[in-house]
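Remarks on the overall topology
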Amino acid sequence: MADGVAPAENDARAPGARGLTYPHPVPPGFGEAIEVAPGVLWMRLSMPIALNHINVYAVEDGEGWALVDTGLNIPDSRERWDALLAGPLAGRPVTRVICTHMHPDHIGLAGWLCERLTAPLVMTRVEYVTARMLLADTGQPAPEAAAVYYRAAGWDEAQIESWRRDYGQFGRAVSPMPSGYVRMRDGDRLSIGARDWRVVVGEGHSPEHACLWREDDGVVLGGDQILPRISSNVSVWPTEPDADPLGDWLDSLERMKTVFPDEVLVLPSHGEPFHGVQARLDALIRGHEVSLRRLEKALRQPRRAVDVFGALFARPVGAGVYGMATGESLAHLNYLLHRGRVRRIRDADGVDWWTMTERGETA
């Protein structure tokens, strides 16, 4: 899980968006909302990073609105919420704040909105608890175990020192979380405006990411689980260095192929609403399969995690995304390790070297 990285997406080597159609290709501007489905408004907040926006949604809930995701805890997002609440949301009450998952661009203003609007927070349990855990790191010294993790990945001492200085930045992008929440879980049905939304959980990008599916007319609030133009970041982090999030991610995508009919309208957190979910799920799976094949070729010689960026990413990896790129490289390496296709050997300097096994060479 991200130890302060926000947001957790990148578009390096992202699979294409062939087979998709976009019924609303022009996004809403500042203080604007577009009705993309009956009773569902699409709004957009800006972010001061390469991934420069997040989509948030409002769903009619009786006389009020249920909000879905919140944006970062930055002045610009608060100003945009002021304009939205007074404008297209017409000053109507907010009944609840629903967050798809715990990344800062999705929960950054959850506490601020819940307190200001006297609205409950709705999340899955693991996402809520993880967010509270990461907020507790704010102001704490960087753990030495994490330094060991980054050294093993191939970071030099200057990079590790820079990470130490920036440690705990999760709390800089997230307002204090509510002390309690309303839990949602896979298979639950949330009644919003007297219509049911089914909770469909995915793993890998985050630990218990919730999509919401209004089955009666095929509308899916997809969060970061199914994005139209970029591939969500799937990373290993120092808190669970032997995790297999890529395995979880691919399993989730395969399961969603059996859940969502192709005609649904996906309302993503980044990019534009789209039709063509089956083609997109196939492309996301295929993109990782291609990356794994490239990685296996690269591992015919021993490599560190930081040496395989070229096999996984189409663009050069700069300092701003170095941590995410390292995490994603380790997710692919751990995936192969868990399946016996690579081996990992740590040298006397604490650096891990990865290479193919005989099983991997013949696979």
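Let me begin by describing the structure that accompanies this report. Predicted model only: the values in this text are computed from it and were never measured. (Residues numbered from 1 in each chain as written. Predicted model: local features only at pLDDT ≥ 70, side-chain atom pairs only at ≥ 80, totals over all residues. Heavy atoms only, no water.)

Direction vectors running N to C along helix H1 (residues 75–86) and helix H3 (residues 110–117) enclose 40 degrees, while the axes themselves pass 12 Å from each other. Accordingly, the angle class assigned to the pair H1 and H3 is oblique. Crossing of H1 against H3: the hand is right-handed. Mapping the contact onto sequence places Arg78, Trp81, Asp82 and Leu85 in H1 and Trp112, Leu113, Arg116 and Leu117 in H3. Split into classes, the residues belonging to the contact of H1 with H3 amount to five nonpolar, no polar and three charged. (Axes fitted to C-alpha atoms, helices over the stretch in contact; angles between N-to-C directions. Helix = DSSP H or I, 4+ residues; strand = E, 2+ residues; numbered from the N terminus. Parallel < 35°, antiparallel > 145°, perpendicular 65-115°, else oblique. Left-handed = near helix turned anticlockwise from the far one by under 90°. Contact = heavy atoms within 4.5 Å. Nonpolar A, V, L, I, M, F, W, Y, C, P; charged D, E, K, R; others polar.)

Any two side chains of opposite charge can pair, so long as their charged atoms come close to each other. Scanning the entire structure with this criterion turns up 22 salt bridges. In this structure, arginine 185 and aspartate 188 form a salt bridge, with 3.9 Å as the shortest nitrogen-oxygen distance. One connected set of salt bridges, linked through shared partners, spans Arg195, Arg214, Asp216 and Asp217. (Salt bridge = Lys/Arg side-chain N within 4 Å of Asp/Glu carboxyl O.)

Taken as a whole and assessed by the stated rule, the structure comprises nine aromatic pairs. Ring centres of tyrosine 128 and tyrosine 181 lie 4.1 Å apart, and the angle between their planes is 15 degrees; on these two criteria the pair is classed as stacked. Of this pair, tyrosine 128 sits in helix H4 (residues 125–136) while tyrosine 181 is found in the loop between helix H6 (157–166) and strand S8 (182–183), placing the two residues 53 residues apart along the sequence. Taking the relative accessible area as the measure of exposure, tyrosine 128 reaches 6% and is therefore buried. Taking NZ or CZ as reference, arginine 229 lies 4.3 Å from the ring centre of tyrosine 22, over its face. Above the plane of the ring of tyrosine 335 lies arginine 339, whose end atom (NZ or CZ) is 3.7 Å from the centre. (Phe/Tyr/Trp six-rings, centres within 6.5 Å; stacked < 30°, edge-to-face > 60°. Buried < 20%, exposed > 50% of the residue type's maximum accessible area, 1.4 Å probe, protein only. Lys NZ or Arg CZ within 6 Å of the ring centre and 35° of its normal.)

Here glycine 222 is to be found in strand S12 (residues 219–223). A sequence separation of 150 residues divides glycine 222 from leucine 72, and the C-alpha atoms of the two residues are 18 Å apart. Dropping the residues within four chain positions of it, glycine 222 is found in contact with His209, Cys211, Val266 and Leu267.

A separate point is the nonpolar core. Core analysis: the biggest nonpolar cluster contains 52 residues, and Trp163, Ile226, Leu246, Phe260, Leu299 and Leu330 have the highest contact counts within it. Of all the elements in the fold, those that place two or more residues in this core are helix H5 (144–153), H6, strand S11 (209–214), helix H7 (245–259), helix H8 (277–298), helix H9 (309–312), helix H10 (322–338) and strand S17 (352–356). Per element, the largest residue contribution to this core is eight residues, and it comes from H10. Beyond its immediate stretch of four places on either side in the chain, phenylalanine 260 contacts Val200, Trp213, Val220, Ile226, Val277 and Gln278. (Core = buried A, V, L, I, M, F, W, Y, C linked by side-chain atoms within 4.5 Å.)

Bringing the environment of proline 38 into the picture now. Residue position: proline 38 is located in the loop between strand S2 (34–37) and strand S3 (40–46). When its relative accessible area of 51% is taken as the criterion, proline 38 is described as exposed. In sequence terms proline 38 and aspartate 69 are 31 residues apart; their C-alpha atoms lie 19 Å from each other. Proline 38 has contacts with Arg195, Arg214 and Asp217, leaving out every residue within four places of it along the chain.

Another point: the sheet that holds S8. In spatial order, the strands read S2-S3-S4-S5-S6-S7-S8; together these seven strands make up an open sheet with mixed pairing. Of all the strands in the sheet, the pair left with one neighbour each is S2 and S8. Two strands pair when backbone bridges link them, and S2 and S3 are joined in this way by three bridges, in the antiparallel orientation. Directly across from isoleucine 34, in S3, lies its bridge partner tryptophan 42. (Pairing = 2+ DSSP bridges.)

As a further point, take unusual backbone geometry. Despite not being glycine, aspartate 69 has its phi angle at roughly 70 degrees, a positive value. Within the element layout of this structure, aspartate 69 appears in the loop between strand S5 (64–68) and H1. With a phi close to 65 degrees, alanine 194 is a non-glycine residue in the positive phi region. Residue placement: alanine 194 occurs in the loop between strand S9 (189–192) and strand S10 (195–202).

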